[in-house]
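Notes for the structure review
Single-letter residue listing:
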Amino acid sequence: MQKYTSNQRMLLDVLRCHQPITRADITDLTDLTQQSVHRILEGLIADGLVVTERGKPNGRGKPSPMLQLNNAVRYSLGIAIDDDSMRISVVNFSGIPVLEKCVTSVTLTDKRSSAVFVQMLEGVLSELGIRRQQLCGIGMASDIKANSEDEGFNLLRCPQVLGDMWNVPVFSETLAAASAIGESLTGVGKRIGNFAFISLDKDVSGALVSNGALFRGSHENAGNYCYLLSGLEELDRVSLRGLHAFVQRNGVDIPNVEGLLDRFDMSLPGVLQWIDDVSNTYLHLFRAIFGIFDPDAIVLGGRVPQSLVAFLLQDIARKLIPTGMPAPRALPSLLQSEVAGDGAAIGSALLPLKNLFFR
């Protein structure tokens with residue numbers, strides 16, 4: 001696959017964020033000359049990545065043509081894997097999801113599973129009418145450290161197997177990092193360059209985004225918030241596993257976290273009790289992020305229900321600055337994730353686009 005220069009990627013990124021847009025407006029958003037922008041755009045149009053359409057009349061004279069990404073020229077496939085589920089997302093060239101699918105991983109365990117897995121993903125592409133040549137890559141997000149190869153099937157190796165089979169690059173990240181990249185490309189990051197992302201899922205994890213790029217730290221531990229907690233017991237308590245346990249203890253028969261997400265309602269017995277139990281832990285986490293990283297925003301996402309996020313953020317915002325402490329010049333915005341759908345699956349699907357075409 002052709003490699004694109006930093007200037008080409010910059011213009012593709014401007015288009016992704018501001019499309020449809022005129023050549024003149026693109027020039028205003030970059031430090032390139034008008035001639036350079038015109039030359040680069042002509043090359044991207046020739047490659048089929050950018051298309052033009054007639055602009056709307058605005059007074060006298062011929063309207064300037066509008067440019068936008070050719071959504072159908074490339075697609076990307078993402079797979080987010082945890083201990084008992086696999087979520088699949090397909091996005092178009094603008095990073096907009098065109099399909100999301102969830103499969104229970106435990107059903108993929110026998111010696112036939114590898115073929116079943118490949119057939120399933122081929123069926124996804126066929127359902128969408130996507131040809132192999134249109135697939136630019138595969139992204140995978142997972143926190144699983146090892147995967148059994150019993151019966152000849154290794155779920156974590158499947159994206160690479162597919163990549164080799166379909167001759168496309170494969171990119172991988174943790175679940176939280178993929179979610180943060182998704183947030184950077186299609187959510188809060190479209191207007192905010194520096195933010196801390198907290199992923200509240202079966203586990204609590206996170207990532208830091210600085211100037212639009214993932215900040216990993218010297219040992220790739222930046223955003224690994226579990227080290228701010230007192231231990232595994234507290235980590236479980238403040239996650240969706242802990243919420244599920246509270247609901248179960250209050251007499252609600254829901255077998256697992258997936259079932260809780262399907263049936264979630266703020267009125268479920270145990271939900272408010274869990275919030276009361278964990279809110280101070282999240283408050284301390286937010287204060288630590290604010291005092292050390294000082295981001296423009298702290299974004300709470302993951303698969304946590306939006307109604308629960310809104311309740312937590314409202315409570316934390318009231319308490320963020322301790323009584324008696326001097327008020328800072330500014331506080332970070334406390335925001336819900338703006339990615340519509342499964343952030344880790346969508347983020348994993350965005351990994352090839354981020355690495356191959358955008359900044």
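In what follows, the structure referred to is the one given above.
Bear in mind the structure is a predicted one, so any value in this text is a computation, not a measurement.

1. Brief notes about the sheet that holds strand 8 (residues 195-200)
Taken in spatial order, the five strands make up an open sheet running 10-9-8-11-12, and their pairing is mixed. Both outer strands of the open sheet, strand 10 (213-215) and strand 12 (333-336), are each paired with one neighbouring strand and no more. On average, adjacent strands in this sheet sit at an angle of 30° to one another, irrespective of strand direction. As paired strands, strand 8 and strand 11 (residues 297-301) are joined by five bridges and run parallel to one another. By the bridge assignment for strand 11, Ile198 is matched with Leu300. Of the strands in this sheet, strand 8, strand 9 (204-210), strand 11 and strand 12 are in contact with helix 10 (residues 271-292), which crosses strand 8 at around 155°.

2. A short note on unusual backbone geometry
Leaving glycine aside, a negative phi is the common case for residues, and trans is the common case for peptide bonds. Cis geometry marks the peptide bond from Gln19 to Pro20, where omega comes out at -10°. Note that Pro20 resides in the loop between helix 1 (6-18) and helix 2 (23-28). Not every positive phi belongs to a glycine, and Asn211 is a case in point at roughly 50°. Note that Asn211 resides in the loop between strand 9 and strand 10.

3. Quick look at the environment of Ile138
With respect to the secondary-structure elements, Ile138 resides in strand 6 (residues 135-142). On the basis of relative accessibility, which here comes to 0%, the residue Ile138 falls in the buried class. Separated by 115 residues in the primary sequence, Ile138 and Asp253 have C-alpha atoms spaced 37 Å apart.

4. Some remarks on helix 11 (residues 306-319)
With 14 residues, helix 11 should cover 20 Å at 1.5 Å per step; its first-to-last C-alpha distance of 20 Å lies within 8% of that length. What helix 11 keeps buried is the set Leu308, Val309, Leu312, Leu313, Asp315 and Ile316. Buried residues along helix 11 cover an arc of 165° about the axis, so they all sit on one side. Along helix 11, the residues that are exposed and aim more than 90 degrees away from the buried face are Gln314 and Arg318.

5. Here we look at the layout of surface pockets
One number sums up the size of the second largest pocket: a volume of about 290 Å³. Contributing elements (two or more residues each) for the lining of the second largest pocket: helix 1 and helix 6 (175-186). In terms of residue count, helix 1 provides more of the lining of the second largest pocket than any other element does, five residues in total. Classifying every residue of the lining of the second largest pocket by side-chain character gives five nonpolar, six polar and four charged.

6. So, the packing of aromatic side chains
For the structure on display, the rule yields three aromatic pairs. Ring-pair connections join several aromatic residues into one group, and the members of that group are Tyr4, Phe93, Phe357 and Phe358. In this structure, Arg249 packs its charged tip against the face of Phe246, placed 4.6 Å from the ring centre.

The rules we used
Residues numbered from 1 in each chain as written. Predicted model: local features only at pLDDT ≥ 70, side-chain atom pairs only at ≥ 80, totals over all residues. Heavy atoms only, no water. Pairing = 2+ DSSP bridges. Helix = DSSP H or I, 4+ residues; strand = E, 2+ residues; numbered from the N terminus. Axes fitted to C-alpha atoms, helices over the stretch in contact; angles between N-to-C directions. Contact = heavy atoms within 4.5 Å. Buried < 20%, exposed > 50% of the residue type's maximum accessible area, 1.4 Å probe, protein only. Expected span 1.5 Å × (residues − 1). Arc of directions from axis to C-beta. 1 Å grid on protein atoms, 1.4 Å probe; cavity = no way out; pocket = protein on both sides within 12 Å on 5 of 7 lines; lining within 4 Å. Points joined across faces, edges and corners; volume = space filled by probe spheres on them. Nonpolar A, V, L, I, M, F, W, Y, C, P; charged D, E, K, R; others polar. Phe/Tyr/Trp six-rings, centres within 6.5 Å; stacked < 30°, edge-to-face > 60°. Lys NZ or Arg CZ within 6 Å of the ring centre and 35° of its normal.

Geometry only, nothing functional implied.
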